[in-house]
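As a plain string of letters, each chain reads:
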Amino acid sequence: MSMQTLVNAMSPEIYQRLLQAVETGKWPDGSVLSEEQRDNSLQAVMLYQAKVLKSDEHMSVGEDGQIVHKSRQQLKQEMAQQAYNSNPIMRFNSDDI
């Protein structure tokens, strides 16, 4: 099976199950992954991240197949931007209470 065929056959649900298995070392039914299963699952997860998700998150696999590294300053700027963009639930003035 070619890499592209594998990626095309993977659904987001399969990706999530493989990701969880790689992270925990166990399949959803609780059975332990063998060394070969872990290696193959990790490769499939990385391939899916690179070809489908095209993530630009820190320490993920980019579209070019390289690990995405961001500087500390870039990470701080992204977090500040996310905090700025998030909508607060409610704001009060001192006169409102």
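Here the structure is a predicted model, which is why all the values come from computation and not from measurement. (Residues numbered from 1 in each chain as written. Predicted model: local features only at pLDDT ≥ 70, side-chain atom pairs only at ≥ 80, totals over all residues. Heavy atoms only, no water.)

Engineer: Describe the packing of helix H2 (residues 12-24) against helix H3 (residues 35-53), with residues and values.
Structural biologist: Where H2 contacts H3, the axes come no closer than 9 Å and their chain directions differ by 135°. With respect to H3, the element H2 is oriented oblique. H3 is crossed by H2, and the crossing has left-handed handedness. Taking contact as the criterion, the partners of Pro12, Tyr15, Leu18, Leu19 and Val22 in H2 are, on H3, Arg38, Ser41, Leu42, Ala44, Val45, Tyr48, Gln49 and Leu53. Here the contact of H2 with H3 is built from residues that sort into ten nonpolar, two polar and one charged. (Axes fitted to C-alpha atoms, helices over the stretch in contact; angles between N-to-C directions. Helix = DSSP H or I, 4+ residues; strand = E, 2+ residues; numbered from the N terminus. Parallel < 35°, antiparallel > 145°, perpendicular 65-115°, else oblique. Left-handed = near helix turned anticlockwise from the far one by under 90°. Contact = heavy atoms within 4.5 Å. Nonpolar A, V, L, I, M, F, W, Y, C, P; charged D, E, K, R; others polar.)

Engineer: Help me get a handle on a nonpolar patch on the surface, residues and values and all.
Structural biologist: Residues Leu42, Met46, Met59 and Ile67 make up a contiguous nonpolar surface patch of about 330 Å² in total accessible area. Mapped onto the secondary structure, methionine 59 falls in the loop between H3 and helix H4 (72-85). (Patch = residues over 30% accessible without salt bridge, like charges linked within 9 Å, V, L, I, M, F, W, Y side chains within 5 Å. Areas by Shrake-Rupley, 256 points an atom, 1.4 Å probe, with all protein chains shown as cover. Salt bridge = Lys/Arg side-chain N within 4 Å of Asp/Glu carboxyl O.)

Engineer: Could you give an account of the packing of aromatic side chains, with specific residues and numbers?
Structural biologist: For the structure on display, the rule yields one aromatic pair. Aromatic side chains tyrosine 15 and tyrosine 48 sit 4.5 Å apart centroid to centroid with 20° between the ring planes, which places their arrangement in the stacked category. Residue tyrosine 15 is located in helix H2, and its partner tyrosine 48 is located in helix H3; the two are separated by 33 residues in the primary sequence. (Phe/Tyr/Trp six-rings, centres within 6.5 Å; stacked < 30°, edge-to-face > 60°.)

Engineer: Pulling in residues and values, what's your account of the pattern of salt bridges?
Structural biologist: As enumerated under the stated definition, the model contains three salt bridges in all. Taking the shortest distance from any N to any O, the salt bridge between aspartate 39 and arginine 38 comes out at 3.3 Å. Since its relative accessible area comes to 32%, arginine 38 is described here as partly exposed. Look at the salt bridges and you will find they share partners, linking Glu35, Arg38 and Asp39 into a network. (Buried < 20%, exposed > 50% of the residue type's maximum accessible area, 1.4 Å probe, protein only.)

Engineer: How would you explain the confidence of the model for the protein chain if you had to name every residue and give the values?
Structural biologist: Summarising the model, the protein chain shows a mean pLDDT of 84, and 92% of its residues fall at 70 or more. Per-residue pLDDT, averaged within each element of the protein chain, yields its smallest value for H4 (83) and its largest for H2 (94). (pLDDT = per-residue confidence, 0-100.)

Engineer: An account of the nonpolar core is requested, with residue identities and associated values reported.
Structural biologist: Counting residues in hydrophobic clusters, the biggest one holds seven residues: Met10, Tyr15, Leu18, Leu19, Ala44, Val45 and Tyr48. Elements with a minimum of two residues in this core: H2 and H3. Apart from the residues lying within four places of it in its own chain, the contact partners of tyrosine 48 are Met10, Ser11, Pro12, Tyr15 and Leu53. (Core = buried A, V, L, I, M, F, W, Y, C linked by side-chain atoms within 4.5 Å.)

Engineer: Can you explain H3? Please cite residues and give values.
Structural biologist: Its 19 residues give H3 an end-to-end C-alpha distance of 26 Å, which sits within 8% of 27 Å, the value for a rise of 1.5 Å per residue. Along H3, the positions that sit buried rather than exposed are Ser41, Ala44, Val45, Leu47, Tyr48, Gln49 and Ala50. Buried positions along H3 lie against helix H1 (3-9) and H2. Directly after H3, the chain includes lysine 54, whose backbone phi takes a positive value near 45°. (Expected span 1.5 Å × (residues − 1).)

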